[in-house]
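Each chain, written out:
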Amino acid sequence: MPDVSPAAASQLSAVLDHVDADFDNSLERLFALLRIKSISADPAFAADCRLAAEHLARDIGSLGFKAEVRPTDGLPAIIARLEAPEPGAPHVLFYGHYDVQPVDPLDLWKRPPFEPVVTDHADGRMIIVARGAEDDKGQLMTFVEACRAWKSVTGKLPINVTFLIEGEEEIGSKNFGPFLKKHKAELAADFIVVCDTGMWDPETPAITTSLRGLVYDEVRIKAANRDLHSGVFGGGAQNPIRVLTKILGALHDDNGRITIPGFYDGVKDLPPDILAQWQKLNLSAETFLKPIGLSVPAGEKDRLLIEQISSRPTCDINGIVGGYTGEGSKTVIAAEASAKVSFRLVEGQDPEKIRAAFRQFVTSRLPADCKAAFTDHAGAPAIALDWGMKPLAAARRALTEEWGRDAVLIGSGASIPIVADFKRTLGLDSLLIGFGLDDDNIHSPNEKYDLRSFHKGIRSWARILAAFTAAPRG
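J.: Is there a simple way to think about the overall build of the protein in this case?
T.: Helix and strand content of the protein: 14 helices and 18 strands. Against the compact-globule benchmark of 23 Å for 474 residues, the protein has a radius of gyration of 25 Å, which places it among compact chains. Dimensions of the protein along its principal axes, counting C-alpha atoms only, are 85 × 50 × 50 Å. Each of the 474 residues in the protein was classed as buried or not, and the buried ones make up 50%. For the protein, the proportion of contacts with a sequence separation of at least 24, taken over those separated by at least 6, is 78%. Accessible area for the protein stands at about 21200 Å²; split by element, carbon and sulfur atoms hold 51% of it.

This is how it looks when you write it as structure tokens:
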């Protein structure tokens with residue numbers, strides 16, 4: 001980190017030494033949280049979710065925070081603010097979640113999912129195995145333990161921090177949006193940090209600077225007033241399955257571009273320096289597609305594979321139903337056919353405009369005797385950070401110092417709607433920094449978190465907290 005005084009460098013060194021010396025205790029504190037069965041999807045575990053919230057509130061409260069478990073219309077959330085904030089210091093809002101996915105199928109777990117253990121991975125790495133080990137308890141605790149190290153060594157944090165931890169992330173944060181609006185005033189900060197993402201690879205740290213938005217729509221095309229015998233009506237009656245598949249087939253051209261008029265309006269190219277950085281990452285079909293049994297990228301032919309999956313908008317047909325699909329045969333012309341279609345959006349695209357454009361694309365292609373009905377599902381805008389944001393540069397330097405490799409700025413093809421809520425409701429940008437790996441089996445049996453990810457994650461946050469003092473605001 002540039003322009004750091006010898007005193008500040010010595011202080012950070014002492015904090016990092018404490019992280020190393022106290023690591024066994026950090027691990028045991030994580031294990032205590034992992035033993036709580038905080039499954040948000042199943043009402044039978046509602047008491048366990050509250051127990052997890054209360055456990056975290058007590059732990060964070062022991063670090064000099066006024067930590068409170070707050071009610072929502074569903075599972076409780078936690079807000080924790082420093083009792084003695086540093087005057088004039090930058091203020092960060094940290095977000096995480098204590099809820100976890102269900103463990104089914106239980107018979108595929110090699111050991112009980114809520115009995116955490118450190119064990120050997122097949123390739124020799126040491127790993128923590130338990131439900132929630134990575135998503136998100138292990139990640140969340142890297143930040144808590146970094147704060148603990150600073151408090152233990154210096155008696156205070158280098159910046160002001162507010163914790164915001166929810167219990168419904170794994171079920172869509174359905175009650176969290178209203179909670180944000182209700183508590184907007186006390187959640188004021190300069191920016192947000194989120195530890196629920198991953199590394200580029202086991203040796204290369206990353207900051208996620210963009211998340212694709214989402215539009216999910218369902219179309220149902222109807223023709224005759226009942227299913228028809230194909231021998232009697234075939235050739236004369238309109239077939240909605242044929243109509244639907246023809247329309248869906250027209251959504252992409254031969255070069256992989258989406259053909260909906262106006263779809264690319266507002267879509268920008270990556271800055272040249274970021275594109276050059278991504279090219280050096282050498283993401284290839286061999287490494288990305290071969291493990292899933294594929295070999296040829298299916299997106300826009302004039303774009304890198306990493307652009308196709310991270311920074312370009314997409315359209316995918318997620319399900320299609322029509323006619324007879326049971327055993328044997330039934331010669332029928334269906335009265336209707338339906339499809340579910342999702343669009344991943346990038347900065348500059350308006351979800352509602354995309355939804356309207358898709359519906360116009362469909363209805364303009366309907367032949368006589370056919371009608372279309374639509375059903376709204378999910379929708380959220382894309383999120384992108386300003387590449388010149390000062391805290392982003394500070395965090396990147398800190399990660400590079402800790403890992404000994406340049407931290408990469410990557411885009412995520414996924415959507416995290418709550419991050420859009422942070423921007424829309426709180427007016428705050430989010431830095432997404434995490435230490436998960438692609439093989440962590442999140443949402444699957446035998447979820448794990450590399451022991452090294454947990455350890456160096458704590459050290460990374462300790463460095464980042466110090467780095468933010470020199471670059472407080474965007």
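J.: Even after reading the chapter, I still don't get the sheet that holds strand 13 (residues 336-345), so can you show me in this structure?
T.: To summarise the sheet geometry, strands pair through backbone hydrogen bonds and adopt either a parallel or an antiparallel arrangement. Taking strand neighbours across the sheet as the criterion, the four strands line up as 11-13-9-14 in an open arrangement whose pairing is antiparallel. Single-partner strands in this sheet number two, and they are strand 11 (314-322) and strand 14 (371-380). On average, each strand axis in the sheet is tilted by 15° relative to the strand beside it, whichever way the strands run. Bridge count between strand 9 (residues 213-222) and strand 13: ten bridges; the pairing is antiparallel. Bridging across to strand 13, Arg 220 finds its partner in Ser 338. Running over the sheet, helix 7 (residues 240-249) touches strand 9, strand 11 and strand 13 and is turned about 15° from strand 13. Across the sheet, helix 11 (residues 351-363) is in contact with strand 9, strand 13 and strand 14; its angle to strand 14 comes to roughly 160°.

J.: What exactly am I supposed to notice about the side chain of Thr 209 here?
T.: Inspection of the secondary structure assignment puts Thr 209 in strand 8 (residues 206-211). For Thr 209, a relative accessible area of 3% translates into the label buried. Setting aside residues no more than four positions away along its own chain, Thr 209 makes contact with Ile 383, Ala 384, Leu 385, Trp 387, Leu 392, Leu 409 and Ile 410.

J.: Got a minute to help me understand the side chain of Asp 59 in this structure?
T.: Structurally, the position occupied by Asp 59 is in helix 3 (residues 46-61). Since its relative accessible area comes to 13%, Asp 59 is described here as buried. Once residues within four sequence positions are removed from consideration, Asp 59 is found in contact with Arg 29, Met 141, Val 144 and Arg 148.

J.: Can you walk me through the pairing of strand 13 in this structure?
T.: For a regular strand, side-chain orientation follows a simple rule: the groups alternate between the two sheet faces. Burial of strand 13 is extensive: seven of the ten residues sit out of reach of the surface. Sheet topology note: the strand 11/strand 13 ladder contains eight bridges and is antiparallel. Bridged to Asp 316 within strand 13 is Ser 342.

J.: Would you mind going over the packing of aromatic side chains with me for this structure?
T.: Note on aromatic pairs: each is described by the distance of the centres and the angle between the planes. Tallying each qualifying case throughout the model produces 18 aromatic pairs. Their ring planes at 15° and their centres at 6.3 Å tell us that Trp 403 and Phe 435 sit as a pair that is stacked. With Trp 403 in helix 12 (residues 390-403) and Phe 435 in the loop between strand 17 (430-433) and strand 18 (448-450), the pair connects residues that are 32 residues apart, well separated along the chain. Each of the two residues, Trp 403 as well as Phe 435, counts as buried. Counting every residue linked through ring pairs, the aromatic cluster contains Phe 65, Phe 94, Phe 143, Phe 163, Trp 403, Phe 435 and Trp 461. Looking at Arg 257, its charged tip hangs above the ring of Tyr 264, at a distance of 3.9 Å from the centre. Over the ring of Phe 361 we find Arg 365, and its NZ or CZ is 3.6 Å from the ring centre.

J.: Would you mind going over unusual backbone geometry with me for this structure?
T.: Glycine aside, negative phi is the norm for most residues, and most peptide bonds take the trans geometry. Here the bond from Asp 104 into Pro 105 is cis, since omega is -5°, no more than 30 degrees from zero. Here Pro 105 is to be found in the loop between strand 3 (91-97) and strand 4 (117-120). Non-glycine residue Asn 441 carries a positive phi angle of around 60°. Within the secondary structure, Asn 441 is located in the loop between strand 17 and strand 18. One non-glycine residue, Asn 446, adopts positive backbone phi at about 60°. Counting through the fold element by element, Asn 446 comes out in the loop between strand 17 and strand 18.

About the thresholds
Residues numbered from 1 in each chain as written. Predicted model: local features only at pLDDT ≥ 70, side-chain atom pairs only at ≥ 80, totals over all residues. Heavy atoms only, no water. Helix = DSSP H or I, 4+ residues; strand = E, 2+ residues; numbered from the N terminus. Rg over C-alpha atoms; globule rule 2.2 N^0.38 Å. Buried < 20%, exposed > 50% of the residue type's maximum accessible area, 1.4 Å probe, protein only. Contact = heavy atoms within 4.5 Å. Areas by Shrake-Rupley, 256 points an atom, 1.4 Å probe, with all protein chains shown as cover. Pairing = 2+ DSSP bridges. Axes fitted to C-alpha atoms, helices over the stretch in contact; angles between N-to-C directions. Phe/Tyr/Trp six-rings, centres within 6.5 Å; stacked < 30°, edge-to-face > 60°. Lys NZ or Arg CZ within 6 Å of the ring centre and 35° of its normal.

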